[in-house]
Amino acid sequence: MTNAFSLFSTLKDRISSRQARIATVGLGYVGLPLALTISEAGFPTTGIDLNRARVDAINAGERVISYFAEDRIARAIAGGKFGATADFAVLQEIDVVLICVPTPLSPAREPDLSYVVRAAEGIAKWLRPGQLVVLESTVWPGATATVVKPILEAGGLRAGEDFFLAFSPEREDPGNDKFDTKSIPKIVGADDARSRELIDMFYSRIVARTVPVSSLATAEAVKLAENSFRTVNIALVNEMKVAMEAMGVDVWEVVRAAATKPFGYMPFYPGPGIGGDCIPVSPVYLSWRAKDVGSCLPIIDLARGNNDNAPDMIAGRVAVELSKDGGKPVKGARVLILGVSYKKDIEDTRESPALAILNRLEEMGAACDYHDPYFPVMPQTRDHPRLAGRVSVPLTAEALGGYDAVLVTTDHTSVDYQLVARAAPLVLDTRNAFDGRGIPVQGRYVKV
Ligand SMILES: NC(=O)c1ccc[n+]([C@@H]2O[C@H](COP(=O)([O-])OP(=O)(O)OC[C@H]3O[C@@H](n4cnc5c(N)ncnc54)[C@H](O)[C@@H]3O)[C@@H](O)[C@H]2O)c1
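Residues numbered from 1 in each chain as written. Predicted model: local features only at pLDDT ≥ 70, side-chain atom pairs only at ≥ 80, totals over all residues. Heavy atoms only, no water.

The name an unreviewed UniProt entry gives the protein is UDP-N-acetyl-D-glucosamine dehydrogenase, with Albidovulum denitrificans as the organism. The UniProt entry for the protein carries this comment under Sequence similarities (unreviewed entry): "Belongs to the UDP-glucose/GDP-mannose dehydrogenase family." (UniProt positions renumbered as here; feature names shortened; annotations may be inferred.)

Listed below in structure tokens is the structure:
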């Protein structure tokens, strides 16, 4: 029996008997639900995160992600199969390591793999024969093999022989109550048969369905294909919104009706632009890699441009609507931004178009406030640091009546839309929040 085969068989047995010890590196929106799901499936699981405050909060059983069940973390901690640490030395004890760290864009809007590199370096220090290392963060096709693998192999161990290496992209949709980590099929890919078998076997015990693919790069590309598809379709529907409005047609009604076609059509809804750390980021990774290999993706690049311009278009539209019918110029107007999360019912402002719109309106001279039940205080963000520390204004009839316009940027479920409909003199709605709920607005109502 070769050494590689014996290492493979040992890990296989440990996974099979659920004795294998698992670690996620990163306890964010992806790593934490994943770690909890794995521990709930019976594997002893440790979450590693450099953010000590988050580690402490998790170990104290705090609900650090708002859409989790109240006691989910506390139950996992009490059950003894889950805990968090900031110390990578725990990896000595670990059989399967899942890397779930951020992969944002650099200031030059290019792929930033620095978190992945740092995580891989932290793992390399403790790497031992027989471990399976899995990258889950979104990266460009080829990154696991050319960026992560050399870091892990620097100590002399070989991927596919001494340790195993796989890629399995995250498909988490925060706040989606129809699909969770367990019910979303998991893509699993590796460049060698043993690593592929191990990752497939491991996730078969965690999620309802695995989808094995032939290589690391294929698995990486699947994630970028999914998100680029969304990017292009969101740009398309926002483009149609403008043209159809000029035709006197409500694009929301069109999409709702078109979606009844049982084949060949999938609904995408207009909005103020795209946000989060996935949809705006993945197409950049794909496009960057395409250029790297001498190819190009002009349709994706055009869609990215349209999406990037969407917040400016909305800000411009606010100015136009304010000044209509002898109204007032945007300079000096009071505007309430309703919702700053990038999408409804979650506490996440990464790449949020609402912040870009707020910023642009203030550059145009408007006096903006915001209301968001998920953000009593505006957090620090990379793109809009000057907005940090602002306070969400209470939503009262008196306050609403004092604004020249209320702009709905995020349609959180818990907002009192009836109150807004009664009290605001001008409602500009990027989310179909009022028509969609059948709430008539007493003042002027424009879907933008
Ligand atoms: N959030 C989503 O909806 C989503 C969905 C699918 C895929 N993804 C992808 O998953 C990856 C992770 O995203 P996320 O939303 O969980 O990010 P996040 O910012 O919510 O969490 C990342 C965590 O990793 C920690 N971290 C950073 N560097 C570390 C290191 N070297 N060692 C240990 N911990 C470290 C941070 O402190 C943070 O807590 C990204 O590649 C993202 O594109 C995210």
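What follows picks up the thread again.
Here the focus is the overall build of the protein. Counting secondary structure elements, the protein contains 14 helices and 13 strands. The globule rule puts the C-alpha radius of gyration for 448 residues at 22 Å, and the 24 Å found for the protein is close to it. If you line up the protein on its principal axes, its C-alpha atoms span 85 × 50 × 40 Å. In the protein, which comprises 448 residues, the share counted as buried stands at 52%. Here the contacts in the protein between residues at least 6 apart in sequence split such that 68% fall between residues at least 24 apart. Element-wise, carbon and sulfur atoms account for 55% of the exposed surface of the protein, whose accessible area totals about 19,200 Å². Averaging the coordinates of the 49 positive side-chain charges in the protein and doing the same for the 54 negative ones gives two points 2 Å apart. (Helix = DSSP H or I, 4+ residues; strand = E, 2+ residues; numbered from the N terminus. Rg over C-alpha atoms; globule rule 2.2 N^0.38 Å. Buried < 20%, exposed > 50% of the residue type's maximum accessible area, 1.4 Å probe, protein only. Contact = heavy atoms within 4.5 Å. Areas by Shrake-Rupley, 256 points an atom, 1.4 Å probe, with all protein chains shown as cover. Lys, Arg positive; Asp, Glu negative; His and termini not counted. Charge placed at Lys NZ, Arg CZ, Asp CG, Glu CD.)

Here we come to the domain arrangement of the protein. Here the protein is described as being made up of domain 1 (3–214) and domain 2 (248–447). Each of domain 1 and domain 2 has a C-alpha centre, and these two points are 34 Å apart. Facing 20 residues of domain 1, the contacting portion of domain 2 comprises 17 residues. Summed over both partners, the interface of domain 1 with domain 2 comes to about 1,700 Å²; 54% of that surface belongs to carbon and sulfur atoms. Among the residues of domain 1 in contact with domain 2, Tyr29, Leu105 and Arg109 are the three that bury the most area, contributing 35% of the side total. On the surface where domain 1 and domain 2 come into contact, there are two salt bridges. Counting across the interface, domain 1 meets domain 2 through eight residue pairs in polar contact (both at pLDDT 80 or more). Residue classes in the side of domain 1 that touches domain 2 are distributed as 12 nonpolar, four polar and four charged. (Domains from an automatic or database assignment. Buried area = accessible area lost by both parts, 1.4 Å probe. Salt bridge = Lys/Arg side-chain N within 4 Å of Asp/Glu carboxyl O. Polar contact = N/O pair within 3.5 Å; in protein donor to acceptor, adjacent residues only side chain to side chain. Nonpolar A, V, L, I, M, F, W, Y, C, P; charged D, E, K, R; others polar.)

What follows deals with the UniProt feature "domain: UDP-glucose/GDP-mannose dehydrogenase C-terminal" (unreviewed entry) in the protein. According to UniProt, the positions carrying the feature "domain: UDP-glucose/GDP-mannose dehydrogenase C-terminal" (unreviewed entry) are residues 336–436. Taken end to end, residues 336–436 is 23% helix and 16% strand, and its first and last C-alpha atoms sit 20 Å apart.

Applying the stated criterion across every chain yields a total of one cavity of 30 Å³ or more. Roughly 50 Å³ of internal volume is contained in the largest cavity. Taken together, Glu170, Arg171, Glu172, Thr181, Ile184, Pro185 and Lys186 form the lining of the largest cavity. Along the lines of polarity and charge, the residues of the lining of the largest cavity split into two nonpolar, one polar and four charged. (1 Å grid on protein atoms, 1.4 Å probe; cavity = no way out; pocket = protein on both sides within 12 Å on 5 of 7 lines; lining within 4 Å. Points joined across faces, edges and corners; volume = space filled by probe spheres on them.)

Mapped onto the elements of the fold, threonine 138 is located in the loop between β5 (132–135) and α6 (143–153). Ignoring sequence-local partners within four residues, the contact set of threonine 138 consists of Thr103, Lys223, Leu224, Ser282 and Tyr285.

Applying the stated criterion across every chain yields a total of 31 salt bridges. With a closest N to O distance of 2.6 Å, lysine 186 and glutamate 136 form a salt bridge. Here glutamate 136 lies in the loop between β5 and α6 and lysine 186 lies in strand β7 (residues 186–189), a separation of 50 residues in the sequence. When the shortest N-O distance is used, the salt bridge between arginine 350 and aspartate 348 registers 2.9 Å. A residue is classified by how much of its surface remains accessible, and arginine 350, at 33% relative accessible area, is partly exposed.

Here the focus is unusual backbone geometry. Keep in mind that most residues, glycine aside, have a negative phi and that most peptide bonds are trans. Unlike most non-glycine residues, aspartate 345 shows phi in positive territory, near 65°. Residue placement: aspartate 345 occurs in the loop between β9 (334–338) and α12 (353–363).

What follows is about the pairing of strand β12 (residues 426–429). Side chains of β12 alternate between two faces, with Leu426 and Leu428 and Val427 and Asp429 buried alike. Pairing analysis gives three bridges linking strand β11 (residues 405–408) to β12, with the strands arranged parallel. Each residue of the ladder has a partner; that of valine 408, found in β12, is aspartate 429. In this fold, the crossover linking β11 to β12 by way of helix α14 (residues 417–423) has right-handed handedness. Examined bridge by bridge, β12 and strand β13 (residues 444–447) share four bridges and lie parallel to one another. Residue leucine 428 lies in a different strand from β13, and its bridge partner there is valine 446. (Pairing = 2+ DSSP bridges. Right-handed = clockwise from strand over helix to strand, strands pointing away.)

Along α12, eight of the 11 residues are buried, which leaves the element largely enclosed by surrounding structure. For α12, the complete set of buried residues consists of Pro353, Ala354, Leu355, Ile357, Leu358, Asn359, Leu361 and Glu362. On its buried face, α12 sits against α11 (298–323), β9, β10 (367–371) and β11. Phi turns positive, to about 105°, at glycine 365, one or two residues after α12.

A few words on the packing of aromatic side chains. According to the stated counting rule, one finds nine aromatic pairs in the structure shown. Between phenylalanine 5 and phenylalanine 8, the aromatic rings sit 6.0 Å apart at their centres with planes inclined by 45°, giving tilted as the arrangement. Taken together, the residues span about one helical turn, with phenylalanine 5 and phenylalanine 8 both in helix α1 (residues 3–16) at a distance of three residues. In this structure phenylalanine 5 comes out as partly exposed when scored by relative accessible area, which is 35%. Each ring, one from phenylalanine 434 and one from tyrosine 445, has its centre 5.7 Å from the other, and the planes form 70°; the classification is edge-to-face. Linking phenylalanine 434 in the loop between β12 and β13 with tyrosine 445 in strand β13, this pair joins segments that are 11 residues apart in sequence. For phenylalanine 434, a relative accessible area of 0% gives the class buried. Three or more aromatic residues link up through ring pairs in this structure, and these residues are Phe5, Phe8 and Phe164. Between lysine 186 and the ring centre of tyrosine 203, over which it is positioned, the NZ or CZ distance is 4.7 Å. Against the face of tyrosine 403 rests arginine 334, its NZ or CZ located 4.4 Å from the ring centre. (Phe/Tyr/Trp six-rings, centres within 6.5 Å; stacked < 30°, edge-to-face > 60°. Lys NZ or Arg CZ within 6 Å of the ring centre and 35° of its normal.)

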